[in-house]
Amino acid sequence: MDIKMLQTTGLFQGMSKEEVSLALTALEAAEKFFRKGEMILHAGSVTQSLGLVLSGSVTIENNDLWGNRTILSHAESGQFFAETYALLEEEPLLVDVVAKEDCRILFFRIGSIRQLRNSRHPWAVKVIANLLVISSRKNLLLSGRNFHTAPKTIRGRVMAYLNSVSLQNRSQEFDIPFDRQQLADYLNVDRSALSKELGKMQKEGILTVRKNHFVLHSRAESPV
């Protein structure tokens, strides 16, 4: 296990190598490999473990009985997923977690941290504090999606999303973590209509797009 790498992740922020090692043992850390498209966690099931993406990436999706897919968020290398469900333990998942590409996931039985909340072990206190930060950031991410899908038009949704990514990257040029179909699923719009709208926006000089790479042109005027 690469302790040094784990120290850079949110769960083990501010912890020594010895503390991380103690935490890995107590939380029963276990690594698993998943192929692209493979289901990691399934809606309706329960989990006692949160996942840390070691390599690759995953999408958090809502797939209904009629075959409709909505992408709610994603997690890349160094990011976590399912922490809320892991803490609640018996709460059924309302989402699927799917491997966006081949990936390695490190699982932690984080539910056991509840029995350690009164522990005097410094590492346990740090893990609990770090979990609060992780959960807070996830709440921001999910509330951000509500903001991105609030506009009634496709253009409005695209601009809301791209503006947020631009602010997060502190740049008007950036890559997004979605391909065209995934972006359509995230914004809850039709893929062909999305592609058509991006083409219009490019012709109008609002943006330049090539695959998942975007450049925003702030001086262009664009009615939403």
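Residues numbered from 1 in each chain as written. Predicted model: local features only at pLDDT ≥ 70, side-chain atom pairs only at ≥ 80, totals over all residues. Heavy atoms only, no water.

What is the right way to read the side chain of Ser-49 from this model?
Tracing the backbone through its elements, the reader meets Ser-49 in the loop between β2 (39-41) and β3 (50-55). Here Ser-49 is in contact with Ala-82, Ala-86, Phe-107, Phe-108, Arg-109 and Ile-110, once residues within four sequence places are set aside. (Helix = DSSP H or I, 4+ residues; strand = E, 2+ residues; numbered from the N terminus. Contact = heavy atoms within 4.5 Å.)

I tried to follow the sheet that holds β2 on my own but got confused; where do I start?
In a beta sheet, neighbouring strands are held together by backbone hydrogen bonds and run either parallel or antiparallel to one another. Spatially, the 4 strands line up as an open sheet ordered β2-β7-β4-β5, and their pairing is antiparallel. Strands with a single pairing partner mark the edges of an open sheet, and in this sheet they are β2 and β5 (69-76). In this sheet, adjacent strand axes meet at a mean angle of 35° when their direction is disregarded. Summarising the sheet, strand β4 (residues 57-63) and β5 pair through 7 bridges and their orientation is antiparallel. (Pairing = 2+ DSSP bridges. Axes fitted to C-alpha atoms, helices over the stretch in contact; angles between N-to-C directions.)

Hey, could you run me through the packing of helix α5 (residues 154-169) against helix α6 (residues 180-187) in this one?
For any two helices packed against each other, one specifies the inter-axial angle together with the distance between the axes. Axis separation between α5 and α6 bottoms out at 11 Å; the angle between their running directions is 105°. Between α5 and α6, the interaxial angle falls into the category roughly perpendicular. For the pair formed by α5 and α6, the contact residues are Arg-157, Val-158 and Tyr-161 on the first element and Leu-183, Tyr-186 and Leu-187 on the second. Taken together, the residues of the contact of α5 with α6 sort by class into 5 nonpolar, no polar and 1 charged. (Parallel < 35°, antiparallel > 145°, perpendicular 65-115°, else oblique. Nonpolar A, V, L, I, M, F, W, Y, C, P; charged D, E, K, R; others polar.)

Looking at this structure, how should I read the pairing of strand β11 (residues 213-216)?
The two faces of the sheet receive side chains in turn, since in a regular strand these alternate between them. In this sheet, β11 lies alongside strand β9 (residues 173-175) in antiparallel orientation, the contact comprising 3 bridges. Considered in β11, the bridge of Phe-174 is made with Phe-214. Counting the residues between successive antiparallel strands, the hairpin from strand β10 (residues 207-210) to β11 contains 2 residues, one of them, Lys-211, with a positive phi of roughly 55°.

Is there a simple way to think about the packing of aromatic side chains in this case?
The relative placement of two aromatic rings is captured by the distance of their centres and the angle of their planes. Summed over all chains, the structure comprises 7 aromatic pairs. Taking the centre distance of 5.5 Å and the plane angle of 65° together, the rings of Phe-12 and Phe-108 count as edge-to-face. Residue Phe-12 is found in the loop between α1 (3-6) and α2 (17-26), and its partner Phe-108 is found in strand β8 (residues 103-108); the two are separated by 96 residues along the sequence. Their ring planes at 90° and their centres at 6.4 Å tell us that Phe-81 and Phe-107 sit as a pair that is edge-to-face. Taken as a pair, Phe-81 in strand β6 (residues 80-81) and Phe-107 in strand β8 lie far apart in primary sequence, 26 residues in all. For Phe-107, a relative accessible area of 10% puts it in the buried group. Chaining the aromatic ring pairs together yields one cluster made of Phe-34, Phe-81 and Phe-107. In this structure, Lys-32 packs its charged tip against the face of Phe-107, placed 5.8 Å from the ring centre. Across the ring face of Tyr-186, the terminal group of Arg-145 is positioned such that the distance to the ring centre comes to 5.5 Å. (Phe/Tyr/Trp six-rings, centres within 6.5 Å; stacked < 30°, edge-to-face > 60°. Buried < 20%, exposed > 50% of the residue type's maximum accessible area, 1.4 Å probe, protein only. Lys NZ or Arg CZ within 6 Å of the ring centre and 35° of its normal.)

Is there a simple way to explain the sheet that holds β8 in this structure?
One open sheet accounts for 4 strands, arranged β1-β8-β3-β6; its pairing is antiparallel. Only two strands of the sheet have a single neighbouring strand rather than two, namely β1 (30-34) and β6. Sheet analysis places β3 next to β8, joined by 5 bridges and oriented antiparallel. Bridge pairing links Gly-51 to Phe-107 in β8.

Even after reading the chapter, I still don't get the layout of surface pockets, so can you show me in this structure?
Vacant regions in the atomic arrangement are exposed by a probe of water-molecule size rolled over the atoms. Computed from the structure, the largest pocket encloses a volume of approximately 860 Å³. Taken together, the elements giving at least two residues each to the lining of the largest pocket come down to β5, β6, α4 (122-149) and α5. In terms of residue count, α4 provides more of the lining of the largest pocket than any other element does, 10 residues in total. Looking at the lining of the largest pocket residue by residue, the classes come out as 15 nonpolar, 13 polar and 5 charged. One number sums up the size of the second largest pocket: a volume of about 320 Å³. (1 Å grid on protein atoms, 1.4 Å probe; cavity = no way out; pocket = protein on both sides within 12 Å on 5 of 7 lines; lining within 4 Å. Points joined across faces, edges and corners; volume = space filled by probe spheres on them.)

I keep staring at the side chain of Ser-164 and nothing clicks. Help me out?
Within the element layout of this structure, Ser-164 appears in helix α5. At a separation of 2.9 Å, a polar atom in the side chain of Ser-164 contacts the side chain of His-148. Other than its neighbours up to four places away in sequence, Ser-164 contacts Phe-147 and His-148. (Polar contact = N/O pair within 3.5 Å; in protein donor to acceptor, adjacent residues only side chain to side chain.)

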